[in-house]
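Per-entry structural report
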Amino acid sequence: HTHTHTRVRPSTYERAIMLLRATRQTKRGITQIPNKNRGFSSGGAYRVLQFHGDGVGPEIVGAAERVLEATGVKIEWTRMDMGYETYERTGHVITEDHLQALEDTKVLFKGPLTIPPGKNPYTEIRGRKFTSGNQVLRKCFDLYANVRPAKLFPGLKSRFEDVDLLVVRENTEDVYTGEEKWVNDDTVEGVKRITRKASTRIAKKAFELAEKAGRKRVTAVHKANVCKQADGFFLDIARDVASSHPLIKFDEQLADSLLTKMVMDPSEWDVLLCPNLYGDMVSDLAAGIVGSLGLCPSGQYGDEYAVFEPCHGSAPDIAGKNISNPVSQVLSGAMLLRHLGEPEAATRIEQALEKVTVKGGEYLTPDLGGTGTNTAMTDAIIAEL
């Protein structure tokens, strides 16, 4: 089921006015302006595609939409159903209509999807087979960089202090290609693919993000002591890219020992550059360190397209109970705003959230140690905005 609005492309004059406003914003300290890959509606609003997802998806996406609206940034949403619940109803997780919609808007804001373990049905689209709807998006739109911040917010319980990690995860290859086969009745083989192209661009993205954010260190995560060719290749490329960024400290860390060191002192680390598999594991551990997966957003970036979604799953066991934590989705909305060229609004959301977490109690959801609801926490963030 699709909800759309009639869209008229802005005239040359209207585009010039938009660019002028963006340029004036830059002079006030904003360093990003909307680029050609971000569309506008006839009313000057940003056009963004939205999939509410499964489980708690509709309630946390709805909460984030309310917070984004409270910033004053105008967004025109194109809303579509997509996910496992859609599959059970229609037989399709994702369709050509979804892909064409993202090709049109270039930007997607989505909720979590339910991907059952075991014999999950493969998705076939555009002549290719994929393991999930999420993989369809990553592969079809070449979303090669999965960026996952993990920051400790004031007032929340944690064993640590001063945690502010940024996991930069290659998102298109490694063992997540979905290429597996039965050799015989007793053996399955899977492909671990590491390429120069993918490794180079993710390393460049990590250093680019470090420089823009004023971070000081990038650590390449690997297991080159075992996967000597594949991870060794990734590491060689990371070293080569690092040589072009002398102001950023670069070092290397074995993936398994990194996990131990993160648990002992996470404040030691800054930007973690990871192949796909290690990035998935490291980012989940980082979320646990700061208190919850419900606190961590993610952005998936390609050269033309971007997708923003929470790090956590769909949590169907608490769906509809109004106790789901909206923070991951709200912070994904802040990442969306930065991508659109609205960093001031994104910062206001983050500052408002910090004020709410300090209050605690009735303003926090149960997973954060509070007694509040999704609605109460969302209202509190909006009140601070």
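Cut-offs used in this document
- By convention here, each chain's residues receive numbers from 1 onward along its written sequence.
- Side-chain atom pairs in this predicted model are given and counted only at pLDDT of 80 or more, local residue features only at pLDDT of at least 70, and totals for whole chains, interfaces and linings cover all residues.
- Note: side-chain values were computed over all heavy atoms of the structure, leaving out hydrogens and water.
- Runs of H or I in DSSP of at least four residues are treated as helices and runs of E of at least two as strands, each being numbered from the N terminus.
- Note on exposure labels: buried denotes an accessible area under 20% of the residue type's maximum, exposed denotes more than 50%, and partly exposed covers the range between, all computed with a 1.4 Å probe on protein chains only.
- Residue contacts are counted whenever heavy atoms from the two residues lie within 4.5 Å of one another.
- For the accessible areas, the method is Shrake-Rupley and the probe is 1.4 Å, while residue cover comes only from the protein chains on display.
- Fitting a line to C-alpha atoms yields each axis, with helices limited to the stretch in contact; the angle taken between N-to-C directions then spans 0 to 180 degrees.
- Comment on the angle field: the value is read as roughly parallel under 35 degrees, roughly antiparallel over 145, roughly perpendicular from 65 to 115, and oblique elsewhere.
- If you view the pair so one helix is near and one far, a crossing is left-handed when the near helix is turned anticlockwise from the far one by less than a right angle, and right-handed when it is turned clockwise.
- Under this grouping Gly is polar, as are all residues other than the nonpolar Ala, Val, Leu, Ile, Met, Phe, Trp, Tyr, Cys and Pro and the charged Asp, Glu, Lys and Arg.
- By nonpolar core we mean a set of buried residues, namely Ala, Val, Leu, Ile, Met, Phe, Trp, Tyr and Cys, connected to one another through side-chain atoms within 4.5 Å.
- The length a helix should cover is 1.5 Å for every residue beyond the first.
- Each residue gets a pLDDT score, which is the predictor's confidence in that residue and runs from 0 to 100.
- DSSP calls a pair of strands paired once it identifies at least 2 bridges connecting them.
- Viewed with both strands pointing away, a crossover whose connecting path from the first strand over the helix to the second turns clockwise is right-handed.
- Two rings from Phe, Tyr or Trp (for Trp, the six-membered ring) form a pair when their centres are within 6.5 Å of each other. A pair whose planes differ by under 30 degrees is stacked, one over 60 is edge-to-face, and the rest are tilted.
- Our arc is simply the arc of the directions from the helix axis toward the C-beta atoms.
- Salt bridge criterion: a side-chain nitrogen from Lys or Arg within 4 Å of a carboxyl oxygen from Asp or Glu.
- Pairs of N or O atoms are called polar contacts if they sit within 3.5 Å, as long as, within protein, a hydrogen donor faces a hydrogen acceptor (for residues adjacent in sequence, only side-chain-to-side-chain pairs).

The helix and strand tally for the chain stands at twelve helices and 15 strands. Sorting the 385 residues of the chain into buried and exposed places 51% on the buried side. For the chain, long-range pairs separated by at least 24 residues make up 72% of all intrachain contacts whose partners lie at least 6 apart in sequence. Total accessible area on the chain is roughly 18000 Å²; 50% of this is exposed by carbon and sulfur atoms.

To continue, consider the environment of K321. Take K321: it is sitting in the loop between β15 (306-310) and α10 (327-340). Taking C-alpha positions, K321 is 9.6 Å from E59, a pair spaced 262 residues apart along the chain.

Where helix α2 (residues 57-70) meets α10, the closest approach of the two axes is 8 Å, and the angle between their N-to-C directions is 45°. On the basis of their axis angle, the class for α2 and α10 is oblique. In the crossing of α2 with α10, the sense of the turn from one axis to the other is right-handed. Contact with α2, carried on its side by I60, V61, A64, V67 and L68, involves Q329, V330, G333, L336 and L337 of α10 and no other residues of that element. Within the contact of α2 with α10, the residues separate by chemical class into eight nonpolar, two polar and no charged.

Next up on the list: the nonpolar core. In terms of nonpolar packing, the biggest core is built from 59 residues, with F109, L273 and L336 touching the most fellow members. Counting residues per element, this core draws most heavily on α10, at eight residues. Grouped together as the second largest cluster of nonpolar side chains are 21 residues, F160, W269, C296 and C311 included.

Attention shifts here to α2. Relative to the 20 Å expected for 14 residues at 1.5 Å per residue, α2 spans 20 Å between its end C-alpha atoms, a close match to the ideal helical length. A positive phi of about 90° marks G72, the residue just after α2.

What follows covers the environment of L385. Here L385 shows up in the segment after α12 (374-384). Remark: the alpha-carbon pair of L385 and G72, spanning 313 residues in sequence, is separated by 10.0 Å. With near-sequence residues (within four places) excluded, L385 lies in contact with V67, A70, T71, R348, I349 and A352.

This brings us to the side chain of N146. With respect to the helices and strands, N146 occurs in strand β7 (residues 145-151). Aside from chain neighbours lying at most four places away, what touches N146 is V167, V168, R169, N171, S298, G299 and Q300.

What follows deals with the confidence of the model for the chain. Chain-level pLDDT for the chain is 88 on average; 87% of the residues reach the 70-or-more range. Per-residue pLDDT stays below 50 along residues 1-36; that stretch engages in 47 contacts with residues further than four places along the chain or on separate chains.

Turning our eyes to something else, we now look at the pairing of strand β3 (residues 75-80). Most of β3 is tucked away, with five of its six residues classed as buried. Sheet analysis places strand β2 (residues 46-51) next to β3, joined by six bridges and oriented parallel. Bridging across to β3, Q50 finds its partner in R79. With α2 bridging β2 and its parallel neighbour β3, the resulting β-α-β unit is right-handed.

We now examine the packing of aromatic side chains. In this structure the tally under the stated criterion is five aromatic pairs. On the numbers, 5.7 Å between centres and 40° between planes, the contact of W77 with F109 is tilted. With W77 in strand β3 and F109 in strand β4 (residues 107-110), the pair connects residues that are 32 residues apart, well separated along the chain. Overall, W77 belongs to the buried group, its relative accessible area being 6%.

Our focus in this paragraph is helix α8 (residues 255-264). When we look at burial in α8, the residues that qualify are A255, L258 and M262. Buried residues of α8, viewed axially, fall in a sector of 45°; they line one side. Its buried side turned inward, α8 meets β8 (164-170), β11 (217-222), β12 (249-254), β13 (271-274) and α9 (276-290).

Below, the discussion takes up the pairing of β12. Bridge count for β11 against β12 is six bridges, and the pairing is parallel. By the bridge assignment, V218 is partnered in β12 with F250. With helix α7 (residues 230-242) bridging β11 and its parallel neighbour β12, the resulting β-α-β unit is right-handed.

A full pass over the atoms with the stated rule returns 26 salt bridges. With its nearest N and O atoms 2.6 Å apart, the salt bridge here joins K110 to E309. One end of the pair, K110, is in strand β4; the other, E309, is in strand β15, and 199 residues separate them in sequence. For the pair formed by K110 and E309, the shared burial category is buried.

Here we take up the side chain of T177. The residue T177 is located in the loop between β8 and β9 (180-184) in this model. A relative accessible area of 8% places T177 in the buried class. Of the polar contacts made by the side chain of T177, one reaches the backbone nitrogen of E179; its length is 3.3 Å. If we skip the residues at most four places from it in the chain, T177 touches Q135, T172, V191 and R193.

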